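# Notes for the structure review
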Amino acid sequence: MPDPHAQASDPSGPTTAAATGPGAQGRRLRPAQLIFEPQAGEPEPERFFDLESIADPAELLSRSTELALAFRAAAERATDFQAIAAAQLADPRRFDALTPAEIADRVDWTPDYAARMVDYGRTLQKQRSAEGDLH
């Protein structure tokens, strides 16, 4: 049953199913008042792959080395994808081909670095097509 104290002209709060029946046009229920303030949650301490919880220095060295190698490999792979994308964007067969300077502007590189990445990307593309020919 709708709140008898709710006023029909109160625009606050969502319309409820009970207040949307015939004869209840425009009636809305007021949102419930908060009688307490929710507690602010304590910010969780920053965690980095739970390394701070490892007490044994040998285990810590081993785990952190694994992570460093994994991140290094991921960064190298991401760089390869950047180079391939740069080579594709600079492909002269594209009607919208970009210059190394335009690519550099997009990703905050120097034009010289962008040109080297385009060349590296073309090398990677040739390697991939050669590997595809072997299979």
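Calculation rules
Residues numbered from 1 in each chain as written. Predicted model: local features only at pLDDT ≥ 70, side-chain atom pairs only at ≥ 80, totals over all residues. Heavy atoms only, no water. Helix = DSSP H or I, 4+ residues; strand = E, 2+ residues; numbered from the N terminus. Buried < 20%, exposed > 50% of the residue type's maximum accessible area, 1.4 Å probe, protein only. Areas by Shrake-Rupley, 256 points an atom, 1.4 Å probe, with all protein chains shown as cover. Salt bridge = Lys/Arg side-chain N within 4 Å of Asp/Glu carboxyl O. Phe/Tyr/Trp six-rings, centres within 6.5 Å; stacked < 30°, edge-to-face > 60°. pLDDT = per-residue confidence, 0-100. Contact = heavy atoms within 4.5 Å. Polar contact = N/O pair within 3.5 Å; in protein donor to acceptor, adjacent residues only side chain to side chain.

## Re the overall build of the protein
Along the protein, the regular secondary structure elements total 3 helices and 0 strands. Reading the helices (α) and strands (β) of the protein from amino to carboxyl end gives α-α-α. A buried classification covers 16% of the 135 residues belonging to the protein. Surface summary for the protein: the accessible area is close to 11100 Å², and the carbon and sulfur share equals 56%.

## What to know about the pattern of salt bridges
On inspection of all chains with the given rule, the structure shows 4 salt bridges. Here E66 and R63 are joined by a salt bridge, their closest N and O atoms 3.3 Å apart. Here the residue E66 and the residue R63 both occupy positions in helix α1 (residues 57-89), the gap between them amounting to 3 residues, near one helical turn. Residue class for E66 comes out partly exposed when judged on its relative accessible area of 44%. Residue D96 is joined to R94 by a salt bridge in which the shortest nitrogen-to-oxygen separation is 3.1 Å.

## Considerations on unusual backbone geometry
Positive phi values are uncommon outside glycine, yet F49 reaches one of about 50°. In this fold, F49 is placed in the segment before α1. Look at F49 and you get partly exposed, because its relative accessible area is 46%. Even without being a glycine, D50 presents a positive backbone phi close to 60°. Following the sequence through the fold, D50 ends up in the segment before α1.

## Side note on the packing of aromatic side chains
Scanning the entire structure with this criterion turns up 4 aromatic pairs. Centroid distance F48 to F49: 5.0 Å. Interplanar angle 85°. Geometry classified as edge-to-face. Both rings, one in F49 and one in F71, keep their centres 5.6 Å apart while their planes meet at 65°; by these two values the pair is edge-to-face. Within this pair, whereas F49 is found in the segment before α1, its partner F71 is found in helix α1, the two being separated by 22 residues in sequence. You can call F71 partly exposed: its relative accessible area is 43%. Three or more aromatic residues joined by ring pairs make a cluster, and in this case those are F48, F49 and F71.

## Some words on the confidence of the model for the protein
Taken over all residues, the pLDDT of the protein has a mean of 81, while the share at 70 or more is 73%. Across residues 8-17, confidence stays below pLDDT 50; counting only partners more than four residues off in sequence or on other chains, it has 18 contacts.

## Focus on the side chain of D91
Mapped onto the elements of the fold, D91 is located in the loop between α1 and α2 (100-107). Among the residues examined, D91 registers a relative accessible area of 17% and is labelled buried. Reaching out from D91, the side chain makes a polar contact with the side chain of R93 at a distance of 2.8 Å.

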